[in-house]
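# Structural description and commentary
Given next are the chains, with one letter for each unit.
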Amino acid sequence: MKKLLCLLVALVVPTIAWAQYPNKPIRMIVPFAPGGASDFVGRILQPRLTELLGQQIVVDNRAGASGNIGMDAAAKSAPDGYTLYLGNVGTVALNPAVFPKLTVTPTKDFVAITQVVDVPGVLVVNPELQAKTVKEIVAIAKAYPGKLNYASPGAGSQNRLEMEVFRKVAGNLDMVHVPYKGGAGPAVTGLVGGETHLMFVTASSAMNHVKSGRIRLIAVTSAKRLEAFPDAPTMTESGYPELTSGSWQGIFVPTGTPKEVVDKLYGAIIETMKTAEVRQRLSNGGVEVVTSAPGEFAQFVAKETERWGKAVKEAGATAE
């Protein structure tokens with residue numbers, strides 16, 4: 001009888017504990033410095049998520065090593081629901097292929113709760129380049145092989161890989177890669193200053209420069225035209241369906257986190273993404289709300305990892 005009672009207690013106590021979750025602040029690890037696209041998204045989600053969970057969400061910026069420092073810290077945290085990880089396509093899907101000695105396997109070391117946003121990409125040029133369409137860029141590149149150079153936030157970045165795909169499908173265009181260190185900011189600044197001719201970058205990073213005329217928007221990588229730039233065609237409309245992509249972000253927790261906690265977090269995150277103020281603030285920054293069920297998001301992450309892993313291999317992209 002005593003053994004049976006002990007067994008019942010052992011089964012019930014964890015259930016009661018997780019029913020009281022959360023009972024202390026929760027940290028959200030953002031693997032990039034303040035001011036970037038990930039930090040922008042995290043800080044917009046923070047107030048509403050805090051309200052819904054009843055505990056403070058603390059944004060913890062762990063920048064460095066292309067996001068690997070933050071990802072490693074998140075993966076090695078206790079699987080108790082008190083550490084969230086705001087991962088993106090770069091850290092989760094690209095880095096495992098770019099960094100062969102990576103200590104984290106995102107598809108195994110994390111539970112993918114839900115995607116939260118997609119940040120559309122754009123193809124932009126310095127206004128001095130006499131090209132207003134994708135077709136004209138291709139024509140110039142073919143007429144002057146090796147003369148055009150393109151910027152990227154780094155050798156293994158999504159933006160660099162998008163250009164590698166474009167070069168290949170457009171007829172193996174001969175262009176020079178100019179990698180910058182850090183986020184898209186320095187690369188965009190270089191483009192504005194005339195150090196480079198063109199680049200793929202997130203719409204949110206380019207929006208203000210496009211509106212001011214400091215750079216010219218050629219096309220968008222999203223599946224449909226952007227509300228902010230309705231006259232800009234998609235890459236698919238321009239003849240390159242292979243360049244349909246986005247810089248998605250999602251919430252993860254360490255593997256082993258109890259299902260009850262995952263379910264509660266999922267519900268709160270979904271409600272956060274439905275909030276009108278959250279959606280409006282994200283939209284103002286050129287970011288689209290996209291959510292998915294945990295199982296669907298995990299499948300999506302696996303497919304993206306395979307897709308970009310193949311692109312990395314074909315491009316021979318390595319960490320610099």
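The coordinates are above.
Read on for an overview of the structure. (Residues numbered from 1 in each chain as written. Predicted model: local features only at pLDDT ≥ 70, side-chain atom pairs only at ≥ 80, totals over all residues. Heavy atoms only, no water.)

Bringing the overall build of the protein chain into the picture now. In terms of helices and strands, the protein chain carries 12 helices and 10 strands. Its C-alpha radius of gyration of 21 Å places the protein chain within 12% of the 20 Å reference for a compact globule of 320 residues. Overall size of the protein chain, expressed as C-alpha extent along the three principal axes, is 85 × 40 × 30 Å. Residue pairs in contact within the protein chain that sit at least 24 positions apart in sequence constitute 77% of those at least 6 positions apart. Approximately 14,800 Å² of the protein chain is accessible, and the part contributed by carbon and sulfur atoms is 56%. Between the mean site of the 32 positive side-chain charges and the mean site of the 27 negative ones, the protein chain shows a separation of 3 Å. (Helix = DSSP H or I, 4+ residues; strand = E, 2+ residues; numbered from the N terminus. Rg over C-alpha atoms; globule rule 2.2 N^0.38 Å. Contact = heavy atoms within 4.5 Å. Areas by Shrake-Rupley, 256 points an atom, 1.4 Å probe, with all protein chains shown as cover. Lys, Arg positive; Asp, Glu negative; His and termini not counted. Charge placed at Lys NZ, Arg CZ, Asp CG, Glu CD.)

Another aspect to go through is the pairing of strand β2 (residues 57-61). Relative to β2, strand β1 (residues 26-30) runs parallel, the two sharing 5 bridges. Looking at the pairing, Val30 lines up with Asn61 of β2. Regarding topology, helix α2 (residues 37-53) serves as the crossover connection from β1 to the parallel β2, and that connection is right-handed. (Pairing = 2+ DSSP bridges. Right-handed = clockwise from strand over helix to strand, strands pointing away.)

Of the consecutive residues Tyr21 and Pro22, the connecting peptide bond is found in the cis state with omega at -5°. Tracing the sequence through the fold places Pro22 in the loop between α1 (2-19) and β1. The residue Ser66 is not glycine, and still its phi comes out positive at about 55°. Within the fold, Ser66 resides in the loop between β2 and α3 (68-75). Here Asn172, not a glycine, exhibits a phi torsion of approximately 55°, which is positive. In this structure, Asn172 sits in the loop between α7 (158-169) and β6 (176-179).

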